[in-house]
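Observations on chain architecture
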Amino acid sequence: MGFKPRSTPVIAAKSAVKAVEKRPELLYCGLHICETLMRVRKEDIIRVYCTEELLPTFGELLRWCAQQKKAYHMVSTADLERITSSVHHEGVAILARAPVHGDEHALRKRLEVFPQPFVFLDGVQNPHNIGTIMRVMAHFGWRTLAGHQQLPALSAATARVSEGGAEFVDTFVLDDALNFLSKLRQQGYRIVGTSSHARTSLYAQPLARKLCLVMGHEVRGASPEIEAMFDDAIVIPGTGAVESLNVSVATGLMLGEYSRLHGVHDPSGQD
């Protein structure tokens with residue numbers, strides 16, 4: 001079965017339906033994220049901006065907008081740069097309802113009903129890193145991303161850098177990450193994190209199938225409190241010429257090794 005796009009987190013669906021009017025709006029820009037929005041979440045589209053050069057790609061969407069009495073505008077490249085406040089619009093922008101974070105309860109229920117590996121971001125804030133991590137996760141079929149309450153909401157930059165991957169990854173925020181991670185072990189999860197100071201190579205022992213992968217802050221790494229929760233601290237071996245890898249690059253290597261061991265994760269049937 002194919003990889004299903006991300007919709008509302010499955011357990012939180014009922015509450016999300018009630019709150020649909022309260023969902024924030026986001027101006028997405030970039031070819032791949034807008035193509036993905038058109039394909040998997042058309043009902044959330046509010047307004048479309050498109051240059052003449054991209055009419056062959058988005059003409060069908062504009063016709064749909066006309067049928068649905070949704071606004072659309074043919075604009076110049078200069079106008080689109082002004083509308084999006086970005087030179088990276090790639091000729092198209094879509095105003096649409098944005099996803100919101102699920103909560104700790106929803107994540108706990110999801111993992112009980114659909115045991116799956118997931119990524120926990122400990123202090124990662126950079127929108128480009130988060131977007132690239134979402135792109136990597138979508139590629140390998142990981143659709144659950146968690147973080148502290150400070151985990152940023154989806155931004156236009158994050159969505160654009162994800163190249164459409166943000167549409168396949170649900171995000172959750174935890175009120176008490178230490179307590180949540182501790183209770184994960186009762187469900188058979190192993191908590192694994194990366195550290196440039198660890199002694200165990202990524203390739204020295206297999207990653208557990210039920211895995212919580214902790215990726216730490218871009219500069220400081222994982223916090224001491226979270227690092228103390230690790231069942232395994234892993235180093236990605238290299239020459240040592242640089243102290244560490246970018247967090248999104250490290251995530252890609254970790255997910256790639258997991259997929260080599262266990263296969264690409266198939267999330268079909270969850271939603």
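Check the entry above for the structure.
The model shown is predicted, which means the values in this text are computed figures rather than measured ones. (Residues numbered from 1 in each chain as written. Predicted model: local features only at pLDDT ≥ 70, side-chain atom pairs only at ≥ 80, totals over all residues. Heavy atoms only, no water.)

1. A short note on the sheet that holds strand E4 (residues 92-97)
Think of a sheet as strands paired side by side through backbone hydrogen bonds, with each pair either parallel or antiparallel. An order of E1-E4-E2-E3 is seen for the 4 strands of this open sheet, with the pairing classed as mixed. The two strands at the open ends of the sheet, each matched to only one other strand, are strand E1 (25-29) and strand E3 (71-74). Taken pair by pair, the neighbouring strands of this sheet meet at an average axis angle of 15°, ignoring direction. Where strand E2 (residues 45-50) meets E4, 5 bridges bridge the pair, whose relative direction is antiparallel. Across the sheet, the residue bridging to Arg47 is Leu95, located in E4. Where helix H3 (residues 55-68) meets the sheet, its contacts fall on E2, E3 and E4, and the angle it forms with E2 comes to roughly 140°. (Pairing = 2+ DSSP bridges. Helix = DSSP H or I, 4+ residues; strand = E, 2+ residues; numbered from the N terminus. Axes fitted to C-alpha atoms, helices over the stretch in contact; angles between N-to-C directions. Contact = heavy atoms within 4.5 Å.)

2. Considering the pairing of strand E6 (residues 144-148)
Within E6, 4 of the 5 residues are buried, which leaves it mostly tucked inside the rest of the structure. Two strands pair when backbone bridges link them, and strand E5 (residues 118-122) and E6 are joined in this way by 3 bridges, in the parallel orientation. What sits directly across from Val119, in E6, is Leu145. Note that the unit made of E5, helix H6 (residues 127-140) and E6 has a crossover that is right-handed. Across 5 bridges, the pairing between E6 and strand E7 (residues 170-174) is parallel. Each residue of the ladder has a partner; that of Thr144, found in E7, is Asp170. Each parallel crossover has a hand, and the one from E6 via helix H7 (residues 156-161) to E7 is right-handed. (Buried < 20%, exposed > 50% of the residue type's maximum accessible area, 1.4 Å probe, protein only. Right-handed = clockwise from strand over helix to strand, strands pointing away.)

3. A word on the pattern of salt bridges
According to the stated counting rule, one finds 12 salt bridges in the structure shown. In this structure, the salt-bridge partner of Arg23 is Asp44, at a minimum N-O distance of 3.0 Å. Placement of Arg23 in the loop between helix H1 (13-18) and E1 and of Asp44 in the loop between helix H2 (31-40) and E2 is noted, with a sequence separation of 21 residues between them. With a relative accessible area of 6%, Asp44 lands in the buried category. In this structure, Glu104 engages Arg108 in a salt bridge whose closest nitrogen and oxygen atoms are separated by 3.2 Å. One end of the pair is Glu104 and the other is Arg108, both in helix H5 (residues 104-113) and 4 residues apart, which spans about a single turn. For Glu104, a relative accessible area of 10% corresponds to the buried category. Put simply, Arg23, Arg41, Asp44, Arg97 and Glu167 are held in one network by salt bridges that share partners. (Salt bridge = Lys/Arg side-chain N within 4 Å of Asp/Glu carboxyl O.)

4. Observations regarding the sheet that holds E7
Sheet architecture is open: 7 strands sit in the order E7-E6-E5-E10-E8-E11-E9, paired in parallel fashion. Where the open sheet ends on each side, the last strands, each with one partner, are E7 and strand E9 (200-201). The pairing of E5 with strand E10 (residues 211-216) spans 5 bridges and is parallel. Residue Leu121 lies in a different strand from E10, and its bridge partner there is Met215. On top of the sheet, H5 reaches E5, E6 and E7; it is set at about 120° to E7, its chief contact.

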